[in-house]
Amino acid sequence: QLFLFKTLAYFGFLAVLIMCRKADIILTVNEPVKEGLIKNGIPKDKIVLTANGVILDEIFKTKVSGEKLFDGVFLGRLDFSKGILSLIDMWKDLCNTMGNNLKLAVIGKGTDSIEAHLIKRIRDKGLQENVHLLGYLSGTEKYKVLKSSRFFVFPSIDESWGIALMEALACGLPVIAYDLDTYKNIYPDELIERVPVGDASKFLSSIKKVTSSENTAENSRKRIDFAKEFNWTDVIEKEYSSIIGRI
(Lines give C-alpha, C1' and ligand atoms only; values in the text may rest on other atoms or scores of the structure.)
Protein backbone atom coordinates (compact mmCIF):
# COMPACT_ATOMS: atom_id res chain seq x y z
CA GLN A 1 0.00 0.00 0.00
CA LEU A 2 2.83 2.39 0.83
CA PHE A 3 4.57 1.59 -2.48
CA LEU A 4 1.32 2.23 -4.37
CA PHE A 5 0.80 5.53 -2.56
CA LYS A 6 4.34 6.71 -3.34
CA THR A 7 3.98 5.64 -6.97
CA LEU A 8 0.70 7.51 -7.38
CA ALA A 9 2.16 10.57 -5.64
CA TYR A 10 5.16 10.52 -7.98
CA PHE A 11 3.05 10.38 -11.13
CA GLY A 12 0.73 13.02 -9.67
CA PHE A 13 3.74 15.28 -9.16
CA LEU A 14 4.88 14.72 -12.76
CA ALA A 15 1.39 15.62 -14.00
CA VAL A 16 1.49 18.86 -12.01
CA LEU A 17 4.89 19.78 -13.45
CA ILE A 18 3.67 19.16 -17.00
CA MET A 19 0.64 21.38 -16.43
CA CYS A 20 2.81 24.07 -14.86
CA ARG A 21 5.18 24.10 -17.84
CA LYS A 22 2.24 24.59 -20.21
CA ALA A 23 0.51 27.25 -18.07
CA ASP A 24 1.00 30.99 -18.62
CA ILE A 25 0.47 31.84 -14.94
CA ILE A 26 0.73 29.60 -11.86
CA LEU A 27 -0.99 30.50 -8.59
CA THR A 28 0.27 29.05 -5.33
CA VAL A 29 -0.67 29.88 -1.74
CA ASN A 30 2.62 29.10 0.00
CA GLU A 31 6.32 29.78 -0.37
CA PRO A 32 7.56 26.14 -0.09
CA VAL A 33 5.49 25.12 -3.13
CA LYS A 34 6.77 28.14 -5.05
CA GLU A 35 10.39 27.24 -4.25
CA GLY A 36 9.74 23.61 -5.16
CA LEU A 37 8.40 24.59 -8.58
CA ILE A 38 11.39 26.84 -9.23
CA LYS A 39 13.80 24.03 -8.28
CA ASN A 40 12.04 21.81 -10.81
CA GLY A 41 12.58 24.22 -13.65
CA ILE A 42 9.44 26.37 -13.58
CA PRO A 43 10.34 30.01 -14.40
CA LYS A 44 9.98 32.26 -11.37
CA ASP A 45 8.20 34.97 -13.35
CA LYS A 46 5.32 32.59 -14.15
CA ILE A 47 4.49 32.04 -10.46
CA VAL A 48 2.15 34.31 -8.48
CA LEU A 49 2.21 33.88 -4.71
CA THR A 50 -1.33 34.46 -3.51
CA ALA A 51 -3.28 33.58 -0.35
CA ASN A 52 -6.39 31.89 0.94
CA GLY A 53 -8.95 33.74 2.96
CA VAL A 54 -11.92 33.54 5.29
CA ILE A 55 -15.48 34.88 5.13
CA LEU A 56 -15.12 37.58 7.75
CA ASP A 57 -18.65 38.98 7.45
CA GLU A 58 -20.12 35.63 8.45
CA ILE A 59 -17.66 35.23 11.32
CA PHE A 60 -18.23 38.71 12.71
CA LYS A 61 -22.03 38.52 12.55
CA THR A 62 -22.05 35.24 14.51
CA LYS A 63 -23.00 36.03 18.10
CA VAL A 64 -22.69 33.81 21.17
CA SER A 65 -23.23 34.23 24.88
CA GLY A 66 -20.19 34.97 27.01
CA GLU A 67 -20.17 31.41 28.37
CA LYS A 68 -17.45 29.08 27.10
CA LEU A 69 -18.92 25.65 26.39
CA PHE A 70 -15.60 24.04 25.44
CA ASP A 71 -11.98 24.43 26.50
CA GLY A 72 -10.35 23.32 23.26
CA VAL A 73 -11.69 23.04 19.73
CA PHE A 74 -10.36 21.20 16.68
CA LEU A 75 -11.59 21.97 13.17
CA GLY A 76 -10.60 19.99 10.10
CA ARG A 77 -10.86 16.77 8.16
CA LEU A 78 -10.60 13.78 10.48
CA ASP A 79 -7.45 12.10 9.25
CA PHE A 80 -4.25 10.64 10.66
CA SER A 81 -2.24 13.49 9.10
CA LYS A 82 -4.35 16.02 11.02
CA GLY A 83 -3.16 14.50 14.29
CA ILE A 84 -6.66 13.85 15.58
CA LEU A 85 -5.82 10.53 17.28
CA SER A 86 -2.72 11.94 18.98
CA LEU A 87 -4.88 14.85 20.16
CA ILE A 88 -7.15 12.39 21.99
CA ASP A 89 -4.12 10.95 23.78
CA MET A 90 -3.00 14.47 24.72
CA TRP A 91 -6.47 15.33 25.99
CA LYS A 92 -6.44 12.29 28.27
CA ASP A 93 -3.13 13.42 29.76
CA LEU A 94 -4.51 16.95 30.09
CA CYS A 95 -7.58 15.71 31.97
CA ASN A 96 -5.41 13.58 34.24
CA THR A 97 -3.27 16.54 35.26
CA MET A 98 -5.62 19.53 35.04
CA GLY A 99 -9.07 18.14 35.82
CA ASN A 100 -11.57 15.71 34.35
CA ASN A 101 -14.02 18.47 33.45
CA LEU A 102 -12.02 19.74 30.45
CA LYS A 103 -14.00 19.57 27.22
CA LEU A 104 -12.81 19.30 23.63
CA ALA A 105 -15.03 20.02 20.61
CA VAL A 106 -14.12 18.20 17.39
CA ILE A 107 -15.58 19.66 14.19
CA GLY A 108 -15.13 17.63 11.03
CA LYS A 109 -15.78 14.39 9.20
CA GLY A 110 -13.55 11.55 8.04
CA THR A 111 -13.79 8.13 6.47
CA ASP A 112 -15.79 5.45 8.28
CA SER A 113 -12.50 3.76 9.21
CA ILE A 114 -10.96 6.88 10.72
CA GLU A 115 -14.13 7.76 12.62
CA ALA A 116 -14.32 4.21 14.01
CA HIS A 117 -10.69 4.51 15.18
CA LEU A 118 -11.48 7.86 16.76
CA ILE A 119 -14.58 6.67 18.61
CA LYS A 120 -12.70 3.61 19.90
CA ARG A 121 -9.79 5.78 21.08
CA ILE A 122 -12.18 8.07 22.96
CA ARG A 123 -13.89 5.10 24.62
CA ASP A 124 -10.60 3.37 25.47
CA LYS A 125 -9.40 6.57 27.14
CA GLY A 126 -12.69 7.03 29.00
CA LEU A 127 -13.26 10.45 27.43
CA GLN A 128 -16.89 10.10 26.37
CA GLU A 129 -17.85 13.05 28.59
CA ASN A 130 -14.81 15.13 27.60
CA VAL A 131 -14.61 14.85 23.80
CA HIS A 132 -17.61 15.97 21.76
CA LEU A 133 -17.70 14.85 18.12
CA LEU A 134 -19.85 17.45 16.38
CA GLY A 135 -19.42 16.22 12.81
CA TYR A 136 -19.30 18.55 9.84
CA LEU A 137 -20.46 22.09 10.56
CA SER A 138 -20.44 25.09 8.27
CA GLY A 139 -21.13 28.78 8.46
CA THR A 140 -22.72 30.17 11.59
CA GLU A 141 -22.89 26.79 13.37
CA LYS A 142 -19.15 26.29 12.96
CA TYR A 143 -18.29 29.79 14.14
CA LYS A 144 -20.61 29.48 17.15
CA VAL A 145 -18.58 26.51 18.37
CA LEU A 146 -15.27 28.31 17.75
CA LYS A 147 -16.45 31.39 19.62
CA SER A 148 -17.76 29.21 22.46
CA SER A 149 -14.29 27.69 23.00
CA ARG A 150 -11.28 28.98 24.90
CA PHE A 151 -8.53 27.94 22.46
CA PHE A 152 -7.86 26.17 19.15
CA VAL A 153 -5.76 23.00 18.90
CA PHE A 154 -4.48 21.85 15.50
CA PRO A 155 -1.78 19.12 15.57
CA SER A 156 -1.79 18.67 11.78
CA ILE A 157 1.52 17.71 10.15
CA ASP A 158 0.50 18.46 6.55
CA GLU A 159 -1.06 21.77 5.51
CA SER A 160 -0.85 23.92 2.39
CA TRP A 161 -2.01 27.13 4.09
CA GLY A 162 -4.14 26.55 7.18
CA ILE A 163 -7.58 28.11 6.65
CA ALA A 164 -8.80 26.59 9.92
CA LEU A 165 -6.08 28.50 11.79
CA MET A 166 -7.17 31.76 10.20
CA GLU A 167 -10.80 31.10 11.10
CA ALA A 168 -9.75 30.51 14.71
CA LEU A 169 -7.73 33.74 14.77
CA ALA A 170 -10.69 35.61 13.26
CA CYS A 171 -12.72 34.35 16.21
CA GLY A 172 -10.04 35.71 18.57
CA LEU A 173 -8.81 32.32 19.80
CA PRO A 174 -5.31 31.40 20.96
CA VAL A 175 -3.91 28.82 18.50
CA ILE A 176 -1.61 25.87 19.17
CA ALA A 177 -0.13 24.22 16.07
CA TYR A 178 2.95 22.44 14.82
CA ASP A 179 5.58 24.73 13.31
CA LEU A 180 5.05 23.79 9.66
CA ASP A 181 7.10 25.49 6.95
CA THR A 182 3.90 26.57 5.21
CA TYR A 183 2.92 28.67 8.22
CA LYS A 184 6.17 30.62 8.50
CA ASN A 185 5.41 33.30 5.89
CA ILE A 186 1.74 33.59 6.80
CA TYR A 187 1.27 33.59 10.57
CA PRO A 188 3.30 35.87 12.87
CA ASP A 189 5.07 34.10 15.72
CA GLU A 190 3.31 36.16 18.38
CA LEU A 191 -0.13 35.00 17.24
CA ILE A 192 0.45 31.25 17.30
CA GLU A 193 1.88 28.90 19.92
CA ARG A 194 4.28 26.95 17.68
CA VAL A 195 5.48 23.45 18.52
CA PRO A 196 8.28 21.42 16.86
CA VAL A 197 6.63 19.18 14.26
CA GLY A 198 5.61 15.82 15.68
CA ASP A 199 6.64 16.57 19.28
CA ALA A 200 3.45 15.50 21.08
CA SER A 201 5.01 16.09 24.49
CA LYS A 202 5.73 19.75 23.75
CA PHE A 203 2.34 20.12 22.10
CA LEU A 204 0.73 18.93 25.33
CA SER A 205 2.88 21.35 27.33
CA SER A 206 1.67 24.18 25.10
CA ILE A 207 -1.95 23.15 25.65
CA LYS A 208 -1.36 23.22 29.41
CA LYS A 209 0.23 26.66 29.11
CA VAL A 210 -2.70 28.08 27.16
CA THR A 211 -5.22 26.36 29.44
CA SER A 212 -3.67 28.11 32.43
CA SER A 213 -3.46 31.51 30.73
CA GLU A 214 -6.07 34.21 30.34
CA ASN A 215 -7.06 35.18 26.82
CA THR A 216 -7.10 38.94 27.25
CA ALA A 217 -9.32 41.20 25.19
CA GLU A 218 -6.19 42.90 23.81
CA ASN A 219 -4.67 39.64 22.57
CA SER A 220 -7.98 38.57 21.10
CA ARG A 221 -8.22 41.88 19.24
CA LYS A 222 -4.70 41.45 17.80
CA ARG A 223 -5.68 38.09 16.34
CA ILE A 224 -8.88 39.44 14.86
CA ASP A 225 -7.12 42.48 13.38
CA PHE A 226 -4.57 40.21 11.71
CA ALA A 227 -7.29 37.99 10.24
CA LYS A 228 -8.97 41.08 8.75
CA GLU A 229 -6.15 41.17 6.20
CA PHE A 230 -7.43 37.89 4.75
CA ASN A 231 -11.03 38.66 3.94
CA TRP A 232 -11.91 36.58 0.86
CA THR A 233 -13.17 39.59 -1.10
CA ASP A 234 -9.88 41.46 -0.61
CA VAL A 235 -7.80 38.37 -1.37
CA ILE A 236 -9.65 37.82 -4.66
CA GLU A 237 -9.19 41.46 -5.69
CA LYS A 238 -5.44 41.29 -5.00
CA GLU A 239 -5.18 38.00 -6.87
CA TYR A 240 -7.03 39.46 -9.85
CA SER A 241 -4.75 42.51 -9.90
CA SER A 242 -1.66 40.26 -9.79
CA ILE A 243 -2.90 38.20 -12.72
CA ILE A 244 -3.89 41.24 -14.82
CA GLY A 245 -0.46 42.71 -14.18
CA ARG A 246 1.17 39.65 -15.76
CA ILE A 247 -1.00 39.40 -18.86
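Residues numbered from 1 in each chain as written. Predicted model: local features only at pLDDT ≥ 70, side-chain atom pairs only at ≥ 80, totals over all residues. Heavy atoms only, no water.

**Concerning the pairing of strand β7 (residues 175–178)**
The side-chain alternation of β7 yields two buried faces, one formed by Val175 and Ala177 and the other by Ile176 and Tyr178. Each parallel crossover has a hand, and for strand β6 (residues 149–154) linked through helix α7 (residues 163–170) to β7 it is right-handed. In terms of strand pairing, β7 meets strand β8 (residues 192–195) through four bridges, oriented parallel. Within the sheet, the bridge partner assigned to Tyr178 lies in β8 and is Val195. (Buried < 20%, exposed > 50% of the residue type's maximum accessible area, 1.4 Å probe, protein only. Helix = DSSP H or I, 4+ residues; strand = E, 2+ residues; numbered from the N terminus. Right-handed = clockwise from strand over helix to strand, strands pointing away. Pairing = 2+ DSSP bridges.)

**Some words on the layout of surface pockets**
Space inside the largest pocket adds up to approximately 360 Å³. What lines the largest pocket is a set of 18 residues, among which Pro174, Glu193, Val210, Asn219 and Arg223 lie closest to the centre. Elements with a contribution of two residues or more to the lining of the largest pocket: β6, β8, α8 (200–211) and α9 (217–227). Grouping the constituent residues of the lining of the largest pocket by class yields six nonpolar, three polar and nine charged. Quantified by volume, the second largest pocket comes out at close to 230 Å³. (1 Å grid on protein atoms, 1.4 Å probe; cavity = no way out; pocket = protein on both sides within 12 Å on 5 of 7 lines; lining within 4 Å. Points joined across faces, edges and corners; volume = space filled by probe spheres on them. Nonpolar A, V, L, I, M, F, W, Y, C, P; charged D, E, K, R; others polar.)

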